[in-house]
Amino acid sequence: MQIHFHGAARTVTGSMHLLEVNGSKLLLDCGLYQGKRKLAFERNRSLPFKPSEVHNVVLSHAHIDHSGNLPQLTRNGFRGRIVCTPATRDLCEWMLRDSAHIQERDVEHVNAKRLRKGQAPFEPLYLEDDVERCLEQFEGIPYGHEVRVAAGVALRFEDAGHMLGSAVTHLELDEAGRRLKLVFTGDVGRPRAPIIRDPAPPREADVLLSESTYGDRLHAADVDVKARLREVVAATRARGGKVLIPAFSVGRTQNVVYHLHQLFLERALPPLPIFVDSPLSANATDVFRAHPECYDAETLKFLETGKDPFGFHRLTYIREAEASKALNDLRIPAVIIAASGMMESGRVLHHLKRIAPDPRSTILIVGYMAEHTLGRRVAEGAEAIKLFGEEYPLRAQICEISGLSGHADRDELTRFFGRLKAPPARTFLVHGEESQSLKLAEHLRARGFPRVDVPCPGERFAL
Ligand SMILES: [Zn+2]
């Protein structure tokens with residue numbers, strides 16, 4: 001038995017780990033690396049193993065940094081199953097199609113430059129056809145069910161509490177009579193997040209493979225997300241500005257909408273229009289509506305009132321590009337939620353052109369901003385930002401609400417592992433910037449975890 005770390009090793013994106021048991025190769029996640037365009041393109045197109053040799057894929061959740069390279073895997077010969085929860089499967093349908101469009105547009109942009117320089121054009125990472133073929137390989141396994149995914153490998157999903165459909169994967173490995181329990185956390189959410197159930201802590205693990213995004217950080221204690229949201233929206237409205245919330249289309253957008261809905265129901269906000277400007281968000285919200293089996297008790301109870309948790313009369317989902325452009329002419333205060341979450345692409349960039357230079361407006365950060373992203377520059381209060389090759393002053397107010405984070409912080413992770421009957425013999429920390437993962441490793445060692453490794457990209461370990 002061995003594990004080979006190919007992505008999200010000493011970084012936060014590109015989740016991809018190859019497990020070998022009884023000669024079968026099982027890929028845990030197959031995500032896109034996100035970062036500087038050229039580096040990302042090169043990393044994503046060179047898979048460090050033969051896709052045709054991968055037996056099956058286990059997918060922890062639908063976020064693109066975990067699922068986004070699956071169509072390329074199919075394009076290059078992978079013919080196995082992609083095992084995930086039913087909600088993850090349905091979300092991937094929209095997210096991977098959207099990703100194919102982004103890949104095609106990105107390459108057009110790069111190729112226009114290459115052609116001017118007389119260079120040969122690049123091909124996109126994958127096309128919509130690849131996505132459709134890849135989607136046929138998906139198989140939804142409900143939480144709590146046990147299935148065999150390779151010779152000597154049984155799998156069960158439990159709640160990860162990170163986004164709709166997100167799972168902690170429990171694998172029982174048996175190679176020549178040697179048995180190991182391996183727990184792969186995927187991304188772990190925070191307790192008491194809206195809509196979905198809390199993360200279910202594992203009780204037994206010989207090998208723990210965990211994320212470490214907030215390995216050395218704590219979320220501000222008891223941030224009252226709703227109160228903060230109310231404060232920011234009300235203050236911006238009073239100034240006559242707009243609130244722009246960059247948010248990933250799936251997960252964060254629905255959480256923000258849920259909180260805004262509650263505020264309107266409580267009449268805690270003055271009337272103002274709210275726009276979710278993303279076709280993907282609109283489609284993903286339909287998937288949220290179709291999967292009440294993932295909801296927590298509070299959301300189920302809310303459903304009994306007959307109201308829709310994801311829609312209310314002040315809220316408009318915008319699919320058409322024309323309607324999105326029309327928002328530019330809106331002269332009244334409004335809340336605009338648009339993707340992408342780290343402001344790397346998507347409609348949020350068009351809104352930034354108007355909103356960044358406007359001191360009455362607010363850019364409200366509700367998620368993690370990775371290194372080298374525009375979102376990180378904005379969050380750090382850059383004086384100006386570059387959009388579509390032009391410089392814009394950043395005069396809007398920058399506010400942040402940390403309580404909406406989709407990731408457990410250091411202490412929440414430690415408590416999550418604290419339910420294990422005994423510390424795992426081996427722990428591997430992935431999905432974190434190096435400093436975060438290394439600090440969490442120290443922290444866990446000090447709490448009796450005998451061997452904690454922070455693998456480097458390409459590193460391989462015998463289990
Ligand atoms: Zn995630």
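Our subject is the structure listed above.
Residues numbered from 1 in each chain as written. Predicted model: local features only at pLDDT ≥ 70, side-chain atom pairs only at ≥ 80, totals over all residues. Heavy atoms only, no water.

Draft legend 1. Here's a closer look at the coordination of the zinc ion. Summarising the metal site, the zinc ion is bound by the protein donors His61 (NE2), His63 (ND1), His162 (NE2) and Asp187 (OD), whose distances to it range over 2.2 to 2.3 Å. Taken together, the four donor atoms surrounding the zinc ion define angles of 89 to 171° at the centre, an arrangement classified as irregular. Written as a sequence motif, the donor arrangement for the zinc ion is H-x1-H-x98-H-x24-D. Of this pair, His63 sits in the loop between strand 4 (54–58) and helix 2 (64–67) while His162 sits in the loop between strand 8 (153–159) and strand 9 (167–175), placing them 99 residues apart in sequence. (Donors = N, O, S within 2.8 Å, 3.2 Å for Na, K, Ca; no water. Tetrahedral: all angles 85-135°; square planar, octahedral: opposite > 155°, others 65-115°. Helix = DSSP H or I, 4+ residues; strand = E, 2+ residues; numbered from the N terminus.)

Draft legend 2. Focus on the pattern of salt bridges. With the rule as written, the count across this model stands at 29 salt bridges. Arg97 serves as the salt-bridge partner of Glu132, at 2.8 Å between the closest nitrogen and oxygen. Taken together, the positions of Glu132 in helix 5 (residues 128–135) and Arg97 in helix 4 (residues 86–116) put the pair 35 residues apart, joining distant regions of the chain. One salt-bridge network, in which partners are shared between bridges, spans Arg75, Glu123, Asp130 and Arg133. (Salt bridge = Lys/Arg side-chain N within 4 Å of Asp/Glu carboxyl O.)

Draft legend 3. Molecular detail of the sheet that holds strand 8. What the seven strands build is an open sheet, ordered 7-8-9-10-11-20-21; its pairing is mixed. With one partner strand each, in any of the chains shown, strand 7 (146–150) and strand 21 (452–453) form the two edges of the open sheet. Examined bridge by bridge, strand 10 (residues 178–184) and strand 11 (residues 207–211) share three bridges and lie parallel to one another. Of the residues in strand 11, the one forming a bridge with Phe184 is Leu209. Taken strand by strand, helix 14 (residues 434–446) contacts strand 11, strand 20 (426–430) and strand 21, and its axis lies near 155° from that of strand 20. (Pairing = 2+ DSSP bridges. Contact = heavy atoms within 4.5 Å. Axes fitted to C-alpha atoms, helices over the stretch in contact; angles between N-to-C directions.)

Draft legend 4. Geometry of helix 5. All of the buried residues in helix 5 are Asp130, Val131, Cys134 and Leu135. The buried residues of helix 5 occupy one face: seen down the axis, they fall within an arc of 135°. Check the buried side of helix 5 and you find it contacts helix 3 (70–75), strand 5 (82–84), helix 4 and strand 6 (138–140). (Buried < 20%, exposed > 50% of the residue type's maximum accessible area, 1.4 Å probe, protein only. Arc of directions from axis to C-beta.)

Draft legend 5. Just the packing of aromatic side chains, in detail. Under the definition given, this model contains 10 aromatic pairs. On the basis of an interplanar angle of 75° and a centroid distance of 5.9 Å, the ring pair of Phe5 and Phe461 is categorised as edge-to-face. Of the two residues, Phe5 sits in strand 1 (residues 2–7) while Phe461 sits in strand 22 (residues 460–462), which places them 456 residues apart along the sequence. Ring geometry for Tyr214 versus Tyr368: centroids 5.7 Å apart, planes at 70°, classification edge-to-face. Placement of the pair is Tyr214 in the loop between strand 11 and helix 6 (225–239) and Tyr368 in the loop between strand 16 (362–365) and helix 12 (374–379), with a sequence separation of 154 residues. According to the relative accessible area criterion, Tyr214 is buried, its value standing at 10%. Taken together, the aromatic side chains of Phe5, Phe428 and Phe461 make up a single cluster linked through ring pairs. A cation sits over an aromatic face here: Arg43 above Tyr33, 4.0 Å from the ring centre. The cationic tip of Arg114 hangs over the ring face of Phe122; the distance from NZ or CZ to the ring centre is 4.0 Å. (Phe/Tyr/Trp six-rings, centres within 6.5 Å; stacked < 30°, edge-to-face > 60°. Lys NZ or Arg CZ within 6 Å of the ring centre and 35° of its normal.)

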